[in-house]
Amino acid sequence: MVEIVKVGIVGIGHGRFGNRNDATVQELAFEPFKQAIQDAKNLRREDIDALVVGSVPEYHMQRSLPGVVAEYVGMNPKSTWLTEAACASGSAAIRTAYMAVKSGMHDIVAVIGVQKMRELSTDEILALMGRVGDVQWESIFGTTFPGYYAFYASRHMHEFGTTMEQMAQIAVKNHHYGAMNPNSFFQKEVTVERILKSEEVAFPLKVFDCCANADGAACVIMTNEKLAKKLNDSPVWFEGMGSASAAMSLLRRPNLYEIPSAVEAGKQAYKLANVKPSDIQVAEVHDCFTIAEIMAYENLGFCDKGKGGKFIEDKQSYIGGKTPVNVDGGLKAKGHPVGATGVSMTVEIVKQLRGIAGKRQVPDAQIGLTHNVGGIGQYTFVNILRR
Ligand SMILES: CC(C)(COP(=O)(O)OP(=O)(O)OC[C@H]1O[C@@H](n2cnc3c(N)ncnc32)[C@H](O)[C@@H]1OP(=O)(O)O)[C@@H](O)C(=O)NCCC(=O)NCCS
């Protein structure tokens, strides 16, 4: 067997995120899949030999999603499977596709991240998502995701003096860029004043500190270096990958201001890619709540521990700053269809590295990073990509 050295992305697709009651889950999946095949100029659907679907099953009436998606997008009788890692299910799908290509088991693998959430009520989703936290010791007593991240936010404020204004500035930035992204759920700018006046969800988090539940799908097509050059003039390569886990229960974490799986996954990815945090020119990080983006700056080494609030205050994560972050709007403005998010982040980094991100383009970006957190940090995937 020929050794596969590099794995790259040759096709990308991204549907509109938001209220998508115009589409079934398989129709949502088909939109970016079709775009991705067209994007990989010399690819025919029959050349793809496996399909990985990243999704969280409990949101859909339809169980065993890869079955219905593979049939609808015309992939039968090719191999297909599902990955689930809560909000990082899309990145888990990319990781398994990478392993499949790298091992030589499959040549060309399509990854579709897809989720349809808006058929459920907010209360139903809060209860369902709460069970991603420890059911025996936590969610049984009523913990919800906004509640969990409110613990992180309060502790960060207590330890480092982070302020609600600094958290609001994350939302201002992400809505600023989301307003330039036609696939974003929310395409309006917001102000710090508006955010601070929005309804409280779980102190200190307001509605505008939270990402919204959304429907949506995104797709990437991955292959080895030999085929990649034939299929696309500008493939983007995986240079570093990190994946780590952390204790299920917050009670068993060393502190409440850091996500240990993110720190560990970041270290692994930097080591494999042989780069430093300061080499990253554009990043997509998991801003499910504004405090999560502040913690991500610190956990990934974009700034020192405790300085994430200052990093946004100084606009270091805007285009033109030290490390532009979430310049597609992030989860905050795009919405967070949990299975699709990791794939959506990857699509954005590929666009940035190919130089096709339009008004949101980071000038001459060569190296980018995705950081996708599942649950309250039970899983984190960090990938580093290069043009
Ligand atoms: C914050 C939250 C509780 C709000 O629930 P909700 O009020 O029922 O949300 P809705 O979708 O009905 O939106 C209510 C209004 O606020 C707006 N809105 C909701 N979330 C918003 C957001 N994050 N940013 C901006 N506007 C938002 C909606 O557009 C809607 O406006 P409208 O009344 O003019 O139509 C819910 O979005 C939530 O739980 N978010 C977190 C999701 C999560 O935990 N994900 C996993 C993280 S890893």
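Note: the structure precedes this text.
Structure report, in brief.

Cut-offs applied
Residues numbered from 1 in each chain as written. Predicted model: local features only at pLDDT ≥ 70, side-chain atom pairs only at ≥ 80, totals over all residues. Heavy atoms only, no water. Helix = DSSP H or I, 4+ residues; strand = E, 2+ residues; numbered from the N terminus. Buried < 20%, exposed > 50% of the residue type's maximum accessible area, 1.4 Å probe, protein only. Lys, Arg positive; Asp, Glu negative; His and termini not counted. Salt bridge = Lys/Arg side-chain N within 4 Å of Asp/Glu carboxyl O. Polar contact = N/O pair within 3.5 Å; in protein donor to acceptor, adjacent residues only side chain to side chain. 1 Å grid on protein atoms, 1.4 Å probe; cavity = no way out; pocket = protein on both sides within 12 Å on 5 of 7 lines; lining within 4 Å. Points joined across faces, edges and corners; volume = space filled by probe spheres on them. Nonpolar A, V, L, I, M, F, W, Y, C, P; charged D, E, K, R; others polar. Near = heavy atom within 4 Å. Sits in = over half its atoms within 2 Å of the grid points. Core = buried A, V, L, I, M, F, W, Y, C linked by side-chain atoms within 4.5 Å. Contact = heavy atoms within 4.5 Å. Pairing = 2+ DSSP bridges. Expected span 1.5 Å × (residues − 1).

### Examining the side chain of E298
Link 1 in the chain: Here E298 shows up in helix α10 (residues 290-299).
Link 2 in the chain: Look at E298: it is buried, it has no salt bridge, and the nearest opposite charge is K305 at 7.6 Å.
Link 3 in the chain: For E298, the side chain forms a polar contact with the main-chain nitrogen of K307, separated by 3.4 Å.

### So, the pattern of salt bridges
Link 1 in the chain: All chains considered together, the criterion is met by 18 salt bridges.
Link 2 in the chain: With a closest N to O distance of 4.0 Å, R44 and E46 form a salt bridge.
Link 3 in the chain: A salt bridge links K173 to E293; its shortest N-O distance comes to 2.8 Å. Here K173, found in helix α6 (residues 164-178), pairs with E293, found in helix α10; they are 120 residues apart in sequence, far enough to count as distant.
Link 4 in the chain: Residue K173 is classed as buried on the basis of its relative accessible area of 0%.
Link 5 in the chain: The network of salt bridges with common partners includes R20, D22 and E31.

### Comments concerning the layout of surface pockets
Link 1 in the chain: Quantified by volume, the largest pocket comes out at close to 550 Å³.
Link 2 in the chain: If you go around the largest pocket, you meet 25 residues; those closest to its centre are V207, C210, C211, A212 and N213.
Link 3 in the chain: Secondary structure elements with two or more residues in the lining of the largest pocket: α4 (122-130) and α5 (145-160).
Link 4 in the chain: The leading source of residues in the lining of the largest pocket is α4, at four residues.
Link 5 in the chain: Along the lines of polarity and charge, the residues of the lining of the largest pocket split into 18 nonpolar, four polar and three charged.

### Let's talk about the site of the ligand
Link 1 in the chain: If you check the shell around the ligand, you find 18 residues, and the closest are R118, T122, C210, C211 and K332.
Link 2 in the chain: With respect to the ligand, the side chain of T122 contributes an N or O atom lying 2.6 Å from an oxygen atom.
Link 3 in the chain: One of the side-chain N or O atoms of K332 is found 3.0 Å from a nitrogen atom in the ligand.
Link 4 in the chain: If you map the ligand onto the pockets, it falls in the largest pocket.
Link 5 in the chain: A total of three residues in the shell around the ligand trace back to one element, the largest contributor, which is α4.
Link 6 in the chain: In the shell around the ligand, the residues fall into 12 nonpolar, four polar and two charged.

### Description of the nonpolar core
Link 1 in the chain: Grouped together as the largest cluster of nonpolar side chains are 94 residues, with contacts concentrated most on Y149, M222 and F302.
Link 2 in the chain: Element by element, the count of residues in this core is highest for α5, at seven residues.
Link 3 in the chain: When neighbours within four sequence positions are excluded, Y149 is seen to be in contact with L205, I259, C288, F289, I291, A292, M295, V373, G375 and I376.
Link 4 in the chain: Counting 29 residues, the second largest nonpolar core, distinct from the first, contains V10, A29, V69 and A228.

### Some details on empty space enclosed by the protein
Link 1 in the chain: What the rule picks out here adds up to four cavities of 30 Å³ or more.
Link 2 in the chain: Estimated volume of the largest cavity: approximately 50 Å³.
Link 3 in the chain: Among the residues forming the lining of the largest cavity, the class breakdown is one nonpolar, four polar and five charged.

### Observations regarding the environment of Q62
Link 1 in the chain: Along the chain, Q62 turns up in the loop between β2 (50-54) and α2 (65-73).
Link 2 in the chain: Assessed through its relative accessible area of 39%, Q62 is described here as partly exposed.
Link 3 in the chain: In sequence terms Q62 and G133 are 71 residues apart; their C-alpha atoms lie 24 Å from each other.

### Points about α10
Link 1 in the chain: α10 sits mainly inside the fold: 10 of its 10 residues count as buried.
Link 2 in the chain: Regarding α10, the residues found buried are T290, I291, A292, E293, I294, M295, A296, Y297, E298 and N299.
Link 3 in the chain: Of the surrounding secondary structure, the elements contacted by the buried residues of α10 are α5, α6, β6 (205-206), α9 (260-273), α11 (308-313) and β10 (367-374).
Link 4 in the chain: G301, located one to two residues past α10, shows a positive phi value of around 80°.

### As for the pairing of strand β4 (residues 108-115)
Link 1 in the chain: With eight of eight residues buried, β4 is to be regarded as a mostly interior element.
Link 2 in the chain: Relative to β4, β2 runs parallel, the two sharing five bridges. Note on β4: the bridge partner recorded for V52 is V111.
Link 3 in the chain: Sheet analysis places β4 next to strand β7 (residues 216-224), joined by eight bridges and oriented antiparallel.

### Remarks on α6
Link 1 in the chain: Taking 1.5 Å as the rise per residue, α6 with 15 residues should run 21 Å; its terminal C-alpha atoms sit 21 Å apart, in good agreement.
Link 2 in the chain: Within α6, 11 of the 15 residues are buried, which leaves it mostly tucked inside the rest of the structure.
Link 3 in the chain: Among the residues making up α6, those that are buried are Q166, M167, A168, I170, A171, V172, K173, N174, H175, Y177 and G178.
Link 4 in the chain: In the core, the buried residues of α6 are packed alongside α5, α7 (192-197), β6, α10, α11 and α12 (330-334).

### Let's talk about unusual backbone geometry
Link 1 in the chain: In this structure, the amide linkage connecting N76 to the following residue, P77, adopts the cis form with an omega of 10°.
Link 2 in the chain: By the element assignment, P77 lies in the loop between α2 and β3 (79-83).
Link 3 in the chain: With an omega dihedral of 5°, the bond running from F203 to P204 counts as a cis peptide bond.
Link 4 in the chain: Positionally, P204 belongs in the loop between β5 (200-202) and β6.
Link 5 in the chain: For A86, which is not glycine, the phi torsion reads 50° and is therefore positive.
Link 6 in the chain: Assignment of secondary structure puts A86 in the loop between β3 and α3 (89-102).

Read these as spatial facts, not as claims about activity.
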